[in-house]
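Per-entry structural report
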Amino acid sequence: MTVKLKTKITLGVVFLFTLLLLVGGTGFFYLNKTITEQHDILKDNYETIDYTRNMLLALDSSHEIKEFEKNLAGQEKNITEKGEGAATSLLRDHFNSYKIHPDSPELVNQLRHDINRIMQINLDAIIDKNKQLGQKADDATFIIALLLTLCALVGFSFVFNFPGYIADPIAKLTKGIKAIAGKEYGQRIHLTRKDEFGEMAAAFNQMAEELDRYEHSNLAKILFEKQRAETVINSLKDASIGIDKNGTVLFANPLALQLLSLAEIDVVGKNVSLLEKQNDLFRFLLSEESNKPFKIVLDGKEQFFSKETADISNTEGTIGNLIVLKNITPYKALDVAKTNFIATVSHELKTPLASSDFSLKLLEDERVGPLNTEQKELVQHLKTDNLRLLKVLSELLDLSQVESGKILLHITEVDPRIPVQRAIETVTAAAQQKQAVIESSFSENLPACKGDEEKIAWVLINFLTNAIKYSPERGKILVHVSNEDDTLVFSVADQGKGIATEYLPRIFERFYQVPGTEKTGTGLGLSISKEFIEAMGGTTGVKSDMNEGSRFYFSLPVA
Ligand code: ADP
C-alpha cells in the first residue's frame, strides 16, 4: 500500500501529539487520584480521630454528655474501616450504660478503651492508606517516566531522521537537476520510496531518459549531416578549406591537403596563425597576393590556381569563410594559345595594313593621277578606317605583351614634363577636331619619377584620347602632375559626361565599356594602362560622377 508523504507527516505529528496527551493525561489522572485518596483519608479517618478526641475531652469533663453524644452520632455515620463498626456499637452500648451510671469509673475506663480502640483502627488505616498512596505514587512516577522515555526516544528519532527523510531526496533531486543542466543526460535518481518523492524521482528519471533519447537522436542526425557534408567536401574537384571566425580550420578536403603537403590531423582544428607560421602556401593564401592567379609545382608539373573566398553564414550572420582553389591550368594553356594567336595575327595584319596605308597615301598624290571629290572622300574614309584598325592592332599587340608577361620596360629617371608634353602633342590633332583645350600644370619643385618614358606617355595618351572622346565640343582638359609622399601623381581631368559610380569598380577590366558607350573603342586601353603602370610599380585610379567629369590618375615612385 502506498502511504503518501503528507499522510506520513500527519501520522507522525498525530503520534507525537498522542504521546503528549498520554503523558499529560496519565500525570493528570495520577495527580487527581492521589488528591482524591488524600481527601478520602481526611474525610474517613481524620474526622473519626476528631470525633474520638472530642469524645475523650467530653469524658474528662462530666458535664459534656451532650457533646459526647453529638460526636458519637457523627462517628456512627463515619464508619469506614474494618472492625470500626463493631467498636463503635460497643462504644454506644457502654455509653448508654454510662448515661444510666455516670459515676461508674469502670464504665468511664471502658469508654476510654473503646474510643482508643476506634482511634487506633483509624490511625492504622491512615498508616496503611499512606503506605498504599506512596506505592501508587511510585507506580505513577514509573509509568510517567516510562512514557516520557518513550516520548523522548520517539522525539529523538524524529529529530534525527525526519529532516534527512525530507532533505535527502531534495538534495538528490538538486544534484540530478544540476547534472541535467550540465547535459549529463545519463543521470538518474535512485529512490525506492513509494511516496511523493518516489513519484518525483520516477518523473525525473523519465525526463532524463527522454532528454537522453532526444540528445542521441539529435547527435545521430548531426553526425549524419556531418558525414554528408564531409562526403560533399571531399568529392569537390577544387581544393577547399573552411575556417571559422576564430581562425580555426574546420575542414580541408584531400586536394587542399595535397597542395599544402600536410596531413588532415595537422590542419583540421588548428588555428591559422599557427599554420601560417609552419606552411608557406598557407601564409600565401591568407595574403592579398593570392587574389591573382598563382603557380604551384605539383608532382613536378607547374599548375596554375585561382583563389576564391566565400563567407560561411547562418541566421546569425557570418560564422567563417571558405577558401576554394580552382585549378586553372587548362584555361591558362588556352589563354597562352589565345595570346600567341592574337600576337601572331596582329603582327601579320600590321604589315599589309601599313602597306595599304602607304598605297592610300600614294593615291592621294596628284602625281599618281588626279582624284575627283568623291574618290578623295572614299580615300579619306579608307585612311580613317586603316588608322582605327592599326590602333586596334597595336592595342591587341600590347595586350598580348601584357598577357604573356613580356612587357619590355626601359626604366629610367623620367622628368614628368617630357611624357606629358609628348602625349599632349600626340593628341593635339584629335583635340583640335573637337575644339578641346588641353592645359598642363605641374606642382613646384617636382622631382623625377622612376618609369619607362614611352609607357608613361602611352598611358597619358590613352587617358587624353578618352577625355577628348567622352567630352563635349570645346571641353577643357587638365593634365596635372603633383608630388604626394614618395610618388608623383599624373592626372587627366575632363568636363565630360562622367561615369556612374556603379560602373567605376569595373572600369579597368579588359574589354569593359560603360553600358551605352558608343562602340568605337575596344575597351582595352584602360586595362593595358593599368598593367603598364603596375609593371612600373605604380597604381591607377579614377574619380568620377555622372555629369561631373572624370579624373583618371596614376602614381609612380619618385626616383
Ligand atoms: P575604349 O577603347 O572603349 O575607350 P578604354 O579602356 O579606354 O576603352 O575605356 C573603357 C571605358 O571607360 C570606355 O568605353 C568608356 O565607357 C569609359 N571611359 C573611359 N574614359 C572615360 C572618360 N574620360 N569619360 C567617360 N567615360 C570614360
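Residues numbered from 1 in each chain as written. Predicted model: local features only at pLDDT ≥ 70, side-chain atom pairs only at ≥ 80, totals over all residues. Heavy atoms only, no water.

Here's the deal with the side chain of Ser 529
Going by this rule: Each helix is a run of H or I in the DSSP string that is no shorter than four residues. Each strand is a run of E no shorter than two, and both are numbered from the N terminus. Any two residues whose heavy atoms approach within 4.5 Å are treated as being in contact.
Locating Ser 529 in the fold gives a position in helix H14 (residues 525–535). Excluding its chain neighbours within four sequence positions, the residues that come into contact with Ser 529 are Trp 458, Val 459, Asn 462, Phe 463 and Thr 540.

Structural notes on the nonpolar core
Nonpolar side chains in soluble globular proteins tend to be buried together. How we decide: Nonpolar cores are built from buried Ala, Val, Leu, Ile, Met, Phe, Trp, Tyr and Cys residues. Side-chain atoms within 4.5 Å join them into one set. For the exposure calls, accessible area comes from a 1.4 Å probe over protein chains only, and a residue counts as buried if that area is under 20% of its type's maximum, exposed if over 50%, partly exposed in between.
Core analysis: the biggest nonpolar cluster contains 41 residues, and Ile 438, Ile 456, Leu 464, Phe 490 and Phe 554 have the highest contact counts within it. Broken down by secondary-structure element, the contributors of at least two residues to this core are helix H11 (373–403), helix H12 (417–433), helix H13 (453–469), strand S9 (476–484), strand S10 (487–493), H14 and strand S12 (550–557). Sort the elements by how many residues they give to this core and H13 lands first, with seven residues. When sequence neighbours within four positions are dropped, the list of residues in contact with Phe 554 reads Ile 456, Val 459, Leu 460, Phe 463, Leu 488, Val 489, Phe 490, Ile 533, Thr 539 and Thr 540. Membership of the second largest hydrophobic core comes to 21 residues, among which are Ala 252, Val 272, Leu 275 and Ile 323.

Topic: the domain arrangement of the protein chain
Put simply, the rule is: The domain limits used here are those given by an automatic or database domain assignment.
The domain boundaries assigned to the protein chain delineate domain 1 (5–163), domain 2 (225–327), domain 3 (332–403) and domain 4 (412–557). Of note, the centres of domain 1 and domain 2, computed from C-alpha atoms alone, are 113 Å apart.

Quick word on the sheet that holds strand S11 (residues 539–544)
Stated formally: Any two strands with at least two DSSP-identified bridges between them are counted as paired. All axes are obtained by fitting lines to C-alpha atoms, using only the stretch in contact for helices, and the reported angles, taken between N-to-C directions, cover 0 to 180 degrees.
In space, the five strands of this open sheet follow the order S7-S9-S10-S12-S11, with mixed pairing throughout. If you trace the sheet from one side to the other, it starts and ends with strand S7 (437–442) and S11, each paired once. The average angle at which neighbouring strand axes cross in this sheet is 15°, direction not considered. Both S11 and S12 contribute to a ladder of six bridges, which runs antiparallel. Within S12, the residue paired with Gly 541 across the bridge is Tyr 553.

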